[in-house]
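Report on the structure
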Amino acid sequence: MAAVRCVDLCKTYRQGDQDIKALDHVSIEIEPGGFVCLSAPSGGGKTTLLNAIGGLDMPDSGEVWVADRRIDQLSKGALAELRLSSIGFVFQAYNLIPVLTARENIEFVMQVQGVPAAERAKKSMAILEEVGLKGLEDRRPAEMSGGQQQRVAVARAIVSRPALVLADEPTANLDSKTSDELMTLFTELNEHHNTTFVIATHDQRVMGYAKRLIRMLDGRIVDDIEQHAA
Amino acid sequence: MNIVMRLAWRNLWRHQRRTWLTVGAMMFANTLLVFMISMQFSMYGLMIENTLKLFTGHMQIQAPGYKDDQKMRQTVADIVPLAASLRAEFPDEKIAARGQAFALASSEDRSYGIGIFGVEPEFEPQVSSIPGLIKEGRYVRGKNATEIVVGAVLARNLRVGIGDELTLLGSGLDGSFAAAVVTIVGIFDSGVVDVDRNIAQIPLGAFQDIFFMDGAGHQVVISAPTLDAAAAVLPKIVAAMPPGSDLVVHDWDALQPGLKQAIKADMSSAFFMYGILVILVAFSVLNTQLMSVLERTHEFGIVMSLGLKPGQLGRLVMLETTLLGLIGFVLGAIGGVLLTSYFGVNGLSIPGMEEMAANFNLPTRVYLEATPLSVVIGPSVVFLFTLLAAAYPALRLYKLHPVEAMRTN
Ligand SMILES: Nc1ncnc2c1ncn2[C@@H]1O[C@H](COP(=O)(O)OP(=O)(O)OP(=O)(O)O)[C@@H](O)[C@H]1O
Ligand SMILES: [Mg+2]
């Protein structure tokens, strides 16, 4: 079984009279418990690939399998169900829900899943502490810094222990110390819970944590190396 | 609290001023509707009660065909014993027997064709307000006295007063010539010109003698404590008709077809106006909700990416609208009840309604009453249209694409 399998994915955007190949025959297979970094220059297709894996966007051709289930043909409702139950997303922009507090944002997915209040509270408080946001639980996104919002977004993605976490530039707004703490947290989750991580990043430091590094350029995979954590 | 519910509530207060403006529009419409509808219902109730109280009663027992033909020979036989037995059987209802004939009434220098009613002086005051509207003299007494009360307009036309004699000429039940001389003992003034000009009343016994009725009459008038009670007792009265008789029982609706028509006409013109009001409110809600959905496209993209289904988003928008609508409903209904109650205590005189007031024997100052129906009906329709208006923005969410939605700002 593969946690993620992409077969010959293609996705082309038209911009004016120009065709942009965001994904150009991309095939990858990621084992459960994989810890993969996607690195590419800006516009290289990282976000497009993560969106395809998470069922947020449909490729023009090719197949996407998540946990041995083909998802590029599922309905919107079924995809929503899949994301809710087994995928955690960290988006490139923080993308918190503005009317909810930090803690409510973190509890959102669990609430939709129907997790009881007491358990939600326990988990969200614990994760807030882990990402270093203790004491900020009642702030709304507008009352937090970019880095703090980013950490709330990360907490929201991992709090319900999804089997697969897709993170798009999770450290973009963090200083190096906080970045390290976050990556340590990811590594622990990966080791203790066998959570699969796919992280898109420019950040050399983040790449250092990855077990496997995939480099892309103009929608194509140009390099795919196993590496051992530093 | 459920997460969709919590989001809905928070979203509602995100743009306080906009929410209050929309609620204000609903509230204004609802208050106005409750007040107007309560006023209409109060007027209709008065119109019906006052018209029926004057003379018609809630229902009448008649011979078949009498209502339309009013022929002398379409009689109710042994009418006094029939009325008496019904009185014994239905203690809550007021019951009186009448005979009716057309006659030429002549004073010393003038003659007019009028309707002569034979009445039971003992019971007539219970079913009709005319005996209580005597402005000069007294009402007729006894069973057989040759006394008469006439309307004020008729008295003026005939140039007669109390103590004067009138000669009545007509034809009896058998077609023979009927004539009598009666003494005027009272003059009534109901304010309804038709009644005051065309009607005179004499005791039923005398009526039966003069017109050779042989114990018969033409109508048994029945009044119940309320209109609703009347509707409930009608089938029982029908069942109590003497076996083998072909008598029919007409309700007020059949006896006064003009009344319901006037109400219906008034209602349909009013409800047309209300309809326009409701549609205006619905469009204001449509505008608000469409705007609030469009400006949240980005946010909806996030929650969809996290795993909320389009249906749940649609429900969120409907829930927000429901909350909005409920606030408007409650505040509007309260406003309407307060406004109506104010005029319930102080009364309301409506300029331009004098003619209608005179036609239907209404007082010039009306004391309004808010009933559960009159309070709920308007706001309910507004609420329903509010939900309908929000359905469009809610349904649009099914087409939302999470990635594209998150790209918009
Ligand atoms: N909705 C869209 N319409 C048109 N072009 C798009 C759209 N989304 C992505 N693209 C294009 O597809 C290519 C890949 O975009 P993508 O967002 O996947 O890059 P990325 O690697 O995530 O870049 P970044 O590091 O800047 O986030 C880019 O050239 C981009 O301009
Ligand atoms: Mg990107």
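Residues numbered from 1 in each chain as written. Chains lettered and ligands numbered in written order. Predicted model: local features only at pLDDT ≥ 70, side-chain atom pairs only at ≥ 80, totals over all residues. Heavy atoms only, no water.

1. Quick notes on the overall build of chain B
Let me state the cut-off plainly: Strands are runs of DSSP state E lasting at least two residues, helices are runs of H or I lasting at least four, and both sets are numbered from the N terminus onward. Atoms considered for the radius of gyration are the C-alpha atoms alone. The globule rule reads 2.2 Å times the number of residues to the power 0.38. Under the scheme applied here, a residue whose accessible area is under 20% of the maximum for its type counts as buried, over 50% as exposed, and between as partly exposed, the area being computed with a 1.4 Å probe on protein chains only. We call two residues in contact whenever any of their non-hydrogen atoms come within 4.5 Å of each other. Per-residue accessibility takes into account occlusion by the displayed protein chains alone, with areas from the Shrake-Rupley method and a 1.4 Å probe. His is not counted, nor are the chain ends, whereas Lys and Arg count as positive and Asp and Glu as negative. Charge coordinates come from a single atom per side chain, which is NZ of Lys, CZ of Arg, CG of Asp or CD of Glu.
Scanning chain B from N- to C-terminus turns up 16 helices and ten strands. The C-alpha radius of gyration of chain B comes to 31 Å, more than 25% above the 22 Å expected for a compact globule of 409 residues. Each principal axis of the C-alpha atoms in chain B carries an extent, and together these give about 100 × 45 × 30 Å. Taking all 409 residues of chain B together, the buried fraction comes to 51%. If you take every contact in chain B between residues at least 6 apart in sequence, the share linking residues at least 24 apart comes to 79%. Carbon and sulfur atoms provide 61% of the accessible area of chain B, an area that totals close to 18,700 Å². Taken as two groups, the 30 positive and 34 negative side-chain charges of chain B have centres that lie 17 Å from each other.

2. Examining the sheet that holds strand β3 (residues 35–39) of chain A
Two orientations exist for strands paired in a sheet by backbone hydrogen bonds: parallel and antiparallel. Residues and elements named next belong to chain A. Condition: Strands were regarded as paired on the criterion that DSSP finds at least two bridges between them. To get an axis, fit a line to the C-alpha atoms, keeping to the stretch in contact for a helix; angles then go from 0 to 180 degrees between the N-to-C directions.
Read from one edge of the open sheet, six strands run β6-β7-β8-β3-β9-β10, paired in mixed fashion. What marks the edges here is a single partner per strand, and that holds for β6 (87–90) and β10 (220–226). Neighbour to neighbour, the strand axes of the sheet diverge by 15° on average, direction disregarded. Across four bridges, the pairing between β6 and strand β7 (residues 164–168) is parallel. Each bridged residue has a counterpart across the sheet, and for G88 the counterpart in β7 is V165. Along the sheet face, helix α1 (residues 46–53) touches β3, β6, β7, β8 (196–200) and β9 (212–217) and points at about 155° away from the line of β7. Each of β6 and β7 is contacted by helix α2 (residues 76–86), which is oriented at about 85° to β6, the strand it contacts most.

3. Some details on the site of ligand 1
Threshold: Note on definitions. A residue lies near a molecule or strand when any single heavy atom of the residue is within 4 Å of it. For this analysis, a polar contact is any N or O atom pair within 3.5 Å, provided that within protein one partner can donate a hydrogen and the other can accept it, and provided that sequence-adjacent residues contribute only side-chain to side-chain pairs.
Near ligand 1 you find 15 residues, and of these S42, K46, T47 and T48 of chain A together with R407 of chain B are the closest. Among the chains of the assembly, those with residues near ligand 1 are chains A and B. Within the backbone of G44 of chain A, an N or O atom sits 3.2 Å from an oxygen atom of ligand 1. Taking T47 of chain A, its side chain carries an N or O atom lying 2.6 Å from an oxygen atom of ligand 1. Relative to its unbound accessible area of 630 Å², ligand 1 is 77% covered by the protein chains. Those elements that place two or more of their residues in the shell around ligand 1 are β1 (4–15), β2 (18–30) and α1 of chain A. It is α1 of chain A that provides the largest number of residues to the shell around ligand 1, a total of three residues.

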